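# Structural overview for review
Listed here are the chains, written in short residue letters.
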Amino acid sequence: MGVEDEPSTGGALWVRRRPPRSGAAVLVLHGGRAQSRSAARPWQLAALRMHPFLRALEAATGRDEVFLGQVRYRSRGWNGAAAEPLRDTRRALAELRGLVGDVPVVLLGHSMGGRAALRAAGADGVRGVVALAPWCPPGEPVAQLSGRDVLVLHGDRDRVTDPAESVAYVSRARAAGARAGMLLVADGDHAMLRHHAGWHRTATAAVSHLLAPEAAPCELFVRALSAAEPPVLHPARHDRPDRPQAPGPVREPGC
């Protein structure tokens, strides 16, 4: 089944690929806004931004018994204490268990979706999280990450979510018992458009590693886990744009 299809369970889980027998699962979570009660739609930019990751994951796991799905949000915003995307993620995980049983799950989330994935990591069956430019405000809980594997990828030119907050979050996650690490993407932006191929390759390799650590070793993941400071991931020559992007102020988290 191609990732351009939109089959659904009718709940919080979009089924993008369901093999006859699932031995593991990956759930993808897109970004959103700090505050918004408007409905989340699959054609919105935040959702479309994750399609290349879905295609890369489908190609990387096509010969394996890996379920591939997306979390469907009811609204576009986190909305303060309501933490609506977190509720949707937990619903999607419950629906996933109903479909495929207790299999190892890896969560891949961007921005607001990264925050939801990290918050939901304590759920039964979740093996680890790959968070892309996540929204990690000060005081974000980390106790749920104990015993989990976490990799954060954050662009050093991100002006929507703050890479320094991700560094602090990873440090606190390690202290809470997580196997956590971070890679800083040189010249990387929040939308992951600059050096997009590098983002896709690295995220896919990390997810594949979490699904099968022995079968899919990931040197960058190991480096990130062992480094005191985030290693810098420099783009391949063919990923580099012609013009540098000037830095600017950090803005409110958005899609």
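A short tour of the structure in this document, coming up. No experiment lies behind these values; they were computed from the predicted model shown.

## Topic: the packing of helix α3 (residues 84-100) against helix α4 (residues 112-119)
Following both chains from N to C, one finds α3 and α4 inclined at 55°, their axes separated by 9 Å at the closest point. When the axis of α3 is compared with that of α4, the two are oblique. As for the relative orientation of α3 and α4, their crossing is right-handed in sense. Across from Pro85, Leu86, Thr89 and Arg90 in α3, the residues of α4 making contact are Met112, Ala116 and Arg119.

## A closer look at the sheet that holds strand β6 (residues 149-155)
Reading across the sheet, the 8 strands line up as β1-β3-β2-β4-β5-β6-β7-β8 and stay open at both edges, with mixed pairing between neighbours. In this open sheet, the two strands that pair with only one neighbour each are β1 (13-17) and β8 (232-233). Taken together, the 5 bridges between strand β2 (residues 24-29) and strand β4 (residues 105-110) define a ladder with parallel strand orientation. Bridge pairing in β4 links leucine 29 to glycine 109. Against the sheet, helix α5 (residues 163-175) contacts β6 and β7 (179-185), and its axis sits at roughly 160° relative to β7.

## Comments concerning the packing of aromatic side chains
Summed over the entire model, instances satisfying the criterion amount to 1 aromatic pair. Plain terms: the ring middles of tryptophan 78 and tryptophan 135 are 6.1 Å apart, the flat faces sit at 70° to each other, and that makes the pair edge-to-face. Of the two residues, tryptophan 78 sits in the loop between β3 (66-71) and α3 while tryptophan 135 sits in the loop between β5 (126-132) and β6, which places them 57 residues apart along the sequence. This pair shows no difference in class: tryptophan 78 is buried, exactly as tryptophan 135 is. Directly above the aromatic system of tryptophan 78 lies the positively charged group of arginine 115, at a separation of 4.2 Å from the ring centroid. Over the ring of tryptophan 135 we find arginine 115; its NZ or CZ atom is 4.4 Å from the centre of that ring.

## Observations regarding the packing of helix α2 (residues 51-61) against helix α6 (residues 196-211)
Put simply, α2 and α6 touch, their axes get as near as 9 Å, and they point 45° apart. Regarding the angle of α2 to α6, the classification is oblique. Here α2 runs over α6; the crossing is right-handed. Across the interface between the two elements, Pro52, Phe53, Ala56, Leu57, Ala60 and Thr61 of α2 pack against Trp199, His200, Ala203, Thr204, Val207, Ser208 and Leu211 of α6. Here the contact of α2 with α6 is built from residues that sort into 9 nonpolar, 4 polar and no charged.

## Looking at α5
The end-to-end C-alpha distance of α5 is 19 Å, a good match for the 18 Å that 13 residues give at a rise of 1.5 Å each. Residues of α5 that are buried include every one of Pro163, Ser166, Tyr169, Val170 and Ala173, and no others. Within α5, the buried residues cover an arc of 105° as seen down the axis, which keeps them to one side. Where α5 is buried, its residues meet α4, β6 and β7. One side-chain oxygen at the N-terminal end of α5 lies 2.9 Å from the backbone nitrogen of alanine 164; it belongs to aspartate 162. Positive phi appears at glycine 177, one or two residues downstream of α5, with a value of about 105°.

## Considerations on the pairing of β5
Where a strand is regular, its side chains alternate between the two sheet faces. With 6 of 7 residues buried, β5 is to be regarded as a mostly interior element. Note: β4 against β5, 6 bridges, orientation parallel. Bridge pairing links leucine 107 to valine 129 in β5. For the crossover from β4 across α4 to β5, the handedness is right-handed. The pairing of β5 with β6 spans 5 bridges and is parallel. Directly across from glycine 128, in β6, lies its bridge partner aspartate 149.

## Section: the nonpolar core
One finds Leu27, Phe67, Leu96, Leu107, Leu118 and Leu145 to be the most contacted residues of the largest nonpolar core, which totals 42 residues. No other element matches the 5 residues that α3 contributes to this core. Beyond its immediate sequence surroundings of up to four residues, leucine 27 is in contact with Leu13, Phe67, Gly69, Gln70, Val71, Ala92, Leu93, Leu96, Val106, Leu107 and Leu108. Core analysis: the second largest hydrophobic core is formed by 28 residues, Val28, Phe53, Val66 and Leu211 among them.

## Thoughts on the side chain of aspartate 88
Turning to its location among the elements, aspartate 88 is positioned in helix α3. Exposure remark for aspartate 88: the relative accessible area of 0% places this residue in the buried category. In terms of polar contacts, aspartate 88 uses its side chain to reach the side chain of arginine 91, at 3.0 Å. Excluding its chain neighbours within four sequence positions, the residues that come into contact with aspartate 88 are Ala12, Val71, Arg72, Tyr73 and Arg74.

Rules behind the numbers
- Residues numbered from 1 in each chain as written.
- Predicted model: local features only at pLDDT ≥ 70, side-chain atom pairs only at ≥ 80, totals over all residues.
- Heavy atoms only, no water.
- Axes fitted to C-alpha atoms, helices over the stretch in contact; angles between N-to-C directions.
- Helix = DSSP H or I, 4+ residues; strand = E, 2+ residues; numbered from the N terminus.
- Parallel < 35°, antiparallel > 145°, perpendicular 65-115°, else oblique.
- Left-handed = near helix turned anticlockwise from the far one by under 90°.
- Contact = heavy atoms within 4.5 Å.
- Pairing = 2+ DSSP bridges.
- Phe/Tyr/Trp six-rings, centres within 6.5 Å; stacked < 30°, edge-to-face > 60°.
- Buried < 20%, exposed > 50% of the residue type's maximum accessible area, 1.4 Å probe, protein only.
- Lys NZ or Arg CZ within 6 Å of the ring centre and 35° of its normal.
- Nonpolar A, V, L, I, M, F, W, Y, C, P; charged D, E, K, R; others polar.
- Expected span 1.5 Å × (residues − 1).
- Arc of directions from axis to C-beta.
- Polar contact = N/O pair within 3.5 Å; in protein donor to acceptor, adjacent residues only side chain to side chain.
- Right-handed = clockwise from strand over helix to strand, strands pointing away.
- Core = buried A, V, L, I, M, F, W, Y, C linked by side-chain atoms within 4.5 Å.

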